[in-house]
Structures are given as structure tokens and as C-alpha cells.
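Residue strings, one per chain:
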Amino acid sequence: MDVRPVKNVMEDRKMLSVLAGVLMGWMSIEDIREKKVSVWPSVCLVVLGILAAAVENKEEPWIHGLGAFLSAAGLGTVLWLAGRISRGSIGTGDAGALGGLGGYLGWQRALTVFFFGLLLCAAAGGLYVRISGKSIKTEMPFLPFLTAAYIVNMIVSCAVEG
């Protein structure tokens, strides 16, 4: 039985959150520059989520690791299907990133981050259309907004948890 203090587990979680933020930032930069995101950062997020779930739950780590994997697979698949239905309006990189966040954060928190990412994107898109005079059909990369929502979520959760 592991008797590590709770404080060390929380510090480990904060370090993993920073690593997840770096991966999200990497995907955001790719999305802005190339309008395409490689799959490896998303896979790393899923693996990070499985490991974090397994390490934090010493009683039955394989069950929690499997739960993290199913969260990732479920969210990623739903967004991937939405992208197919919308004929590519939602990219596979967005689906992979949300799947990765689902594996790391759990599906409830990942959906919260997704929702706030959508709100940020809508606000920025509205301002962009208003200021530039361009069409509302202008495409914008979504991952930077998802990353911003993730960072805000992490700051708020760190402030609440102490």
C-alpha cells in the first residue's frame, strides 16, 4: 500500500496538467500555422490520462485507466462523427484533442472545457467578423480556443483545490 502524502499526489497532478497544457499549446500552434494537427500530441494526452488515472487510484488502477481510455475514445468519436456530418467543419485534430482531454480530465470536465472553448471561439469570431467585415463563413482554428479554455479551467481548479 502506498502511503505517499496527498500533497505529493496533487503536486504530481499539477505537473501533469502543465505537460497537458504544453501538448495543447503544441497542437494549437500546428492548427494556426498549418490548419492541420498531428496525431501524436493527442495520443500523448490519452496516455497521460490513463497513467494519471491509474497512479491516482491505487486500489484498482486498471479500472480507472480503462475509464480514462473510454472517456477519451467516447468524446473523440463523438466529435469525429460530428466532423464527418459537418463535412469537415470540425477537424480530426479537434476530435483528437478533445479525446485526449477526455482521457486526461474525464468526460465531464472535458465537456466543460469544450463548451467554454466554443464560447471563446464564438466571441472571437463575432469580433473578427464585426471588425474585419469578412463573411461569417470564414474558418478559424478551434484548438487555440480549446487550449485557452483548458488553461482557465486548470487555473480555476488549482485555485479551488488550493
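The structure contained in this document is the topic of the report that follows. These numbers come from a predicted model, not from an experiment.

Conventions we followed
Residues numbered from 1 in each chain as written. Predicted model: local features only at pLDDT ≥ 70, side-chain atom pairs only at ≥ 80, totals over all residues. Heavy atoms only, no water. Helix = DSSP H or I, 4+ residues; strand = E, 2+ residues; numbered from the N terminus. Buried < 20%, exposed > 50% of the residue type's maximum accessible area, 1.4 Å probe, protein only. Contact = heavy atoms within 4.5 Å. Areas by Shrake-Rupley, 256 points an atom, 1.4 Å probe, with all protein chains shown as cover.

1. Things to note about the overall build of the chain
Along its length, the chain carries six helices and zero strands. Reading the chain from its N end, one meets helices and strands in the order α-α-α-α-α-α. In the chain, which comprises 162 residues, the proportion classed as buried is 35%. Pairs at least 24 apart in sequence give 66% of the contacts found in the chain among residues at least 6 apart. Approximately 10,000 Å² of the chain is accessible, and the part contributed by carbon and sulfur atoms is 70%.

2. Some points on the environment of Phe 116
Mapping Phe 116 onto the fold places it in helix α5 (residues 107-132). C-alpha of Phe 116 to C-alpha of Tyr 150: the two residues are 34 residues apart in sequence and 8.7 Å apart in space.

3. Concerning unusual backbone geometry
Where the residue is not glycine, phi is negative for most of them; where a peptide bond is considered, it is trans in most cases. Non-glycine residue Lys 35 carries a positive phi angle of around 55°. Tracing the backbone through its elements, the reader meets Lys 35 in the loop between α1 (6-34) and α2 (40-56).

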